[in-house]
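The primary structure of each chain is shown beneath.
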Amino acid sequence: MTPLSHMDFAHPYFGAFFLLVFGAVVFYGITVLARLVSRKMARLDTEKLKLSIYECGPEVTKQPNKISAHFYLFALLFILFDVEIIFMFPWAVDFKVLGMFGFVEMILFVIILTIGFAYAWKKGALEWHSIR
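Throughout, a residue's number is its position along its own chain's written sequence, starting from 1. Residues qualify for local features only when their pLDDT is at least 70, as the model is predicted, and side-chain atom pairs are given and counted only at 80 or more; totals for whole chains, interfaces and linings, by contrast, use all residues. Only hydrogens and water are set aside; all other atoms, that is, all heavy atoms of the structure, feed into the side-chain values.

- Looking at an unreviewed UniProt entry, the chain carries the name NADH-quinone oxidoreductase subunit A, with the source organism given as Sulfurospirillum multivorans.
- UniProt positions are given in the numbering used here, feature names are shortened, and annotations may be inferred rather than shown by experiment. In the Catalytic activity (unreviewed entry) part of its UniProt record, the chain is described as follows: "a quinone + NADH + 5 H(+)(in) = a quinol + NAD(+) + 4 H(+)(out)".

Below is the structure:
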């Protein structure tokens, strides 16, 4: 046995790991290079052209963003409950294998999910408001 046996490069997945790391480094390098090249080649004097009227229409003015943070909250709640519901599919597939323990765990999960849903509903997070 050699003193540095843990440094053996004959591991069956060493090549795949090396390709993963190499691919990540190359991707990062190409991204940085593309950013530098595009900044050198970009025309910076086109702002007036971008703001000019094309054929017809009102003069372009920059306005502050008037989108309410409530839309973000609504989307966040949708993603949260959607991901939680996805956890029920593996349970449904192995329902017979899990037995009574799995059934009780899922009932507790659904109760916690219902409490979170009721809390969001009570706080008005699920009400759709106008942006005006």
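## Some words on the UniProt feature "transmembrane region" (unreviewed entry) in the chain
- According to UniProt, the positions carrying the feature "transmembrane region" (unreviewed entry) are residues 12-34, 71-92 and 98-121.
- The distance separating the terminal C-alpha atoms of residues 71-92 is 32 Å; by composition the span is 95% helix and 0% strand.
- The span residues 98-121 shows a helical share of 100% and a strand share of 0%, and its end C-alpha atoms are spaced 32 Å apart. Where helices and strands are cited, they refer to DSSP runs of H or I of at least four residues and of E of at least two residues respectively, numbered from the N terminus.

## Some remarks on helix α5 (residues 95-122)
- Given a rise of 1.5 Å per residue, 28 residues ought to cover 40 Å, yet the end C-alpha atoms of α5 are separated by just 33 Å, more than 12% below that figure.
- By definition, a residue's bend is the angle between the axes fitted to the seven residues ending there and the seven starting there. At Phe 101, α5 is bent by approximately 75°, the largest bend along its length.
- For α5, every residue scored as buried is listed here: Gly 102, Met 106, Leu 113 and Ala 120.
- Whether two residues are in contact is decided by their heavy atoms, any of which lying within 4.5 Å being enough. As for α5, its buried residues are in contact with α3 (69-86) and α4 (88-93).
- Looking at the residues trailing α5, positive phi occurs at Gly 124, about 85°. A helix is expected to reach a length of 1.5 Å times the quantity of its residues less one. Only protein chains enter the accessibility calculation, which uses a 1.4 Å probe. A residue is then buried if its area is under 20% of the maximum for its type, exposed if over 50%, and partly exposed in between.

## Quick notes on a nonpolar patch on the surface
- Exposure above 30% relative accessible area and no salt bridge define the residues that can form patches, which grow by joining like charges within 9 Å and nonpolar side chains of Val, Leu, Ile, Met, Phe, Trp and Tyr within 5 Å. Only the protein chains shown count as cover for residues, with accessible areas throughout obtained via the Shrake-Rupley method and a probe of 1.4 Å. Throughout this description, the term salt bridge denotes a Lys or Arg side-chain nitrogen within 4 Å of a carboxyl oxygen of Asp or Glu. A cluster of nonpolar side chains, contributed by Phe 95, Met 100, Phe 103, Val 104, Ile 107, Leu 108, Ile 111 and Ile 115, occupies part of the molecular surface with about 740 Å² of accessible area.
- Note that Phe 95 resides in helix α5.
- When its relative accessible area of 37% is taken as the criterion, Phe 95 is described as partly exposed.

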